[in-house]
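So you can see what is in the structure, the chains are spelled out below.
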Amino acid sequence: MDEVIQVTQWLSSITPTKKAKLFFFTTHADAPSPMVGSNDVDTHEETQLPLATTVALHNFKNIDEFLKKKVNTFSCYNVIENEITKTDYEYLRFYSACKYLDVVPPFLDLEKISAIQNKFEMTDEERDYRLLLDSADLVLEKVCDSLKPAGVSQMWTALRKDRNLIRGVKTIDIIGFFVDPNPTGIKECLFFFIVRFLQKADKINRVNTNRLERLIAQCDESSSCEEGKTIDFIIDSLRFYPTELYPFGFCLIMCVIEGRDGAMQEIEKTMEISRHLGMITHTEKNPTKETIELVKKELMKPKYQFYSSFTCWFMSHGDSNSMVLADGETIEREWFLTSFPDISTFQLKPKVFSMVSCRGANKFSLKGDEFEGQSATCDYYDIGSALIRNRMLDITDSVRDISYVQPMMDTLVAYSTILDHLSGRANTHGSIYVDRACVLMSENISRGRSLTEILEHLSQDLHEILQETMDEDRIVYKQACHYDSFFRKTLKLPYTRHPKEDVHSAPQ
């Protein structure tokens, strides 16, 4: 059959709503860098003009033309070995979006997808199409699905009132002030236009969504939300780190085995809970400084930008400032923690470090009843938020910026013990902290708990356990863990386990 006819038939089989979503997912801007063939050409017209004209004319002609152009580009594309190009990236995004929406063209060359995945050095686990979907876009899709056409129309009206933001933007004028978002697919096009416009204007990104939340907050709840949804529910969905679908993220496990009883148990437990959470996991036994440098270099490869989060377990002996490696050398804990968050592939994504080692030799030893816990209560006063806001600074958009980010932002560091103190372990099971952390994470899957909630529960649980030193003094003591957070959103554990689905992988 003629290819033009095939493409036409394929497009005619896709609903307007799915066309809008396919366009949205395909025009995602977060591409690997550097890329062969990339340039600084403004893609404003490519990503926003088709949406604007579709909303204004209630006609999907320009979106159809965009999708035809993509299909034709991929059809003629020859995969070049070793060089990652912009088209490679776009091909993977297009395929994953089609797979997600169940609209894969029957004529799409899946062998090319496998060849591109080879260039990205993807493992079998990483060839699952869900890895290639951008989790932030999936969250925005759900927000759109939660709004009625009237709600998106109200967002548009609120956006149009911000004269400083829209001044001189031609696509805004193409759509006009009054919009009828009721025809099928138009609501989605208008919402996705608003999102891409705010992204291009550097007002929102995958972490900073305040400007979008403010637009939604101006909607009338009774007319703007789909059944069972509320404005608060929709806004709350934007306040979590986007970690939709499989995998939940990439997990790196580093464990010094030499001289650490139960170390293999630590590895088994952390691997089990990481996989249970739906993470793709890599383990380094007996790491050295050279190993760490090689791992950092590996994480800079373009394929890691497809992951939505990064987790690292580091288990070894240590003292107040350093950790002991397998070869007896030490590394500064601070150096380790500050070198990983700056890796570009995980910028604007949650990064969690669990540092399991002693930080000194002190012990919180128990010597009778003198440390009986005491409780205290506080009085809470109900102060209206409007009253508080009236007395606070008026922070305008002109003094806000989301372009420059401190490297440690979006990072959480969990310590198995407090500074200058021991981190307890059992002869056969290894670190007690690792054991309790894995148990609590496993128990809280599907309960909608956030990571920090679990860490707070872990702090309570661990501090209840009486431990005993292994020396001749046999001192009974307690251990206290804690964490330092630079998070800007909440990181929730997945509601359900997302195992790898081989049937969704491209052929190899």
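Residues numbered from 1 in each chain as written. Predicted model: local features only at pLDDT ≥ 70, side-chain atom pairs only at ≥ 80, totals over all residues. Heavy atoms only, no water.

Going by the annotation in an unreviewed UniProt entry, the name recorded for the chain is Caspase, with Penaeus japonicus given as the source organism.

> It is not clear to me how the environment of P247 should be interpreted in this structure. Could you clarify?
Within the secondary structure, P247 sits in the loop between α15 (231-237) and β1 (249-255). Counting along the chain gives 121 residues from P247 to E126, while the straight-line C-alpha distance between them is 8.7 Å. With residues near it in sequence (within four places) discarded, P247 still touches L131, G278, I280, Y307 and S308. (Helix = DSSP H or I, 4+ residues; strand = E, 2+ residues; numbered from the N terminus. Contact = heavy atoms within 4.5 Å.)

> Can you walk me through empty space enclosed by the protein in this structure?
Rolling a probe over the atoms, with the probe sized like a water molecule, indicates the empty space that remains. Evaluation of the coordinates by the stated rule reveals 5 cavities of 30 Å³ or more. A volume near 180 Å³ is recorded for the largest cavity. Contributing to the lining of the largest cavity are 21 residues, with M279, T311, V352, M441 and L451 lying nearest its centre. Its residues assigned to classes, the lining of the largest cavity shows 16 nonpolar, 4 polar and 1 charged. Quantified by volume, the second largest cavity comes out at close to 70 Å³. Lining the second largest cavity are R130, L131, L133, S135, L138, E244, Y246, P247, F306, Y307 and S308. When contributions to the lining of the second largest cavity are tallied by element, the ones reaching two or more residues are α7 (129-132) and α8 (135-146). The residue inventory of the lining of the second largest cavity, partitioned by class, reads 7 nonpolar, 2 polar and 2 charged. (1 Å grid on protein atoms, 1.4 Å probe; cavity = no way out; pocket = protein on both sides within 12 Å on 5 of 7 lines; lining within 4 Å. Points joined across faces, edges and corners; volume = space filled by probe spheres on them. Nonpolar A, V, L, I, M, F, W, Y, C, P; charged D, E, K, R; others polar.)

> I keep staring at the UniProt feature "domain: Caspase family p10" (unreviewed entry) in the chain and nothing clicks. Help me out?
Under the present numbering, the feature "domain: Caspase family p10" (unreviewed entry) in UniProt falls on residues 410-443. Taken as a whole, residues 410-443 contains 35% helix and 26% strand, while its terminal C-alpha atoms sit 25 Å from one another. (UniProt positions renumbered as here; feature names shortened; annotations may be inferred.)

> So what exactly am I meant to see when it comes to the sheet that holds β1 here?
Remark on secondary structure: sheet strands pair via backbone hydrogen bonds, oriented parallel or antiparallel. As summarised here, the arrangement of the 6 strands in space is β2-β1-β3-β6-β8-β13, forming an open sheet in which the pairing is mixed. On the outer flanks of this sheet lie β2 (279-285) and β13 (482-485), each paired with one strand and no other. If you compare each strand with its neighbour and ignore which way they point, the axes differ by 15 degrees on average. Both strand β8 (residues 411-415) and β13 contribute to a ladder of 4 bridges, which runs antiparallel. Looking across to β13, one finds that L412 is bridged to S485. Across the sheet, helix α20 (residues 432-444) lies against β3 (310-315), β6 (351-356) and β8, angled at about 150 degrees from β3, the strand it touches most. Along the sheet, helix α21 (residues 451-463) makes contact with β6, β8 and β13, crossing β8 at roughly 15 degrees. (Pairing = 2+ DSSP bridges. Axes fitted to C-alpha atoms, helices over the stretch in contact; angles between N-to-C directions.)

> Help me out: how do you make sense of the confidence of the model for the chain in this one?
Atom-level detail of predicted coordinates should not be read off regions where pLDDT is low. For the chain, per-residue confidence averages 85 on the pLDDT scale, and 87% of positions sit at 70 or higher. Counting contacts from residues 369-389, a segment whose pLDDT is below 50, to residues more than four positions away or on other chains yields 3 contacts. Here residues 501-508 scores under 50 on pLDDT; set against residues more than four positions off or in separate chains, the count is 24 contacts. (pLDDT = per-residue confidence, 0-100.)

> Hey, could you run me through helix α2 (residues 16-26) in this one?
It helps to recall that an α-helix has 3.6 residues per turn; residues three or four apart then point in one direction. Burial analysis of α2 places 8 of its 11 residues in the buried class, which makes it a mostly covered element. Within the span of α2, buried status applies to K19, A20, K21, L22, F23, F24, F25 and T26. (Buried < 20%, exposed > 50% of the residue type's maximum accessible area, 1.4 Å probe, protein only.)

> Which parts of the structure should I look at to understand the pattern of salt bridges?
Close approach of charged atoms lets side chains of opposite charge pair. Throughout the structure, instances matching the rule amount to 23 salt bridges. Here D64 ties to K19 by a salt bridge, and the two come within 3.0 Å at their closest N and O atoms. A residue pair is termed long-range when its members are at least 10 positions apart, and D64 in helix α4 (residues 61-76) and K19 in helix α2 qualify at 45 residues. Of the two residues, D64 and K19, both sit in the buried class. Here D461 and R436 are joined by a salt bridge, their closest N and O atoms 2.8 Å apart. Taken together, the residues D461 in helix α21 and R436 in helix α20 connect sequence positions 25 residues apart. (Salt bridge = Lys/Arg side-chain N within 4 Å of Asp/Glu carboxyl O.)

> Explain the side chain of T85 here, please?
Structurally, T85 is set in the loop between α4 and α5 (86-101). Polar contacts involving the side chain of T85 include one to the side chain of Y77, which spans 2.8 Å. (Polar contact = N/O pair within 3.5 Å; in protein donor to acceptor, adjacent residues only side chain to side chain.)

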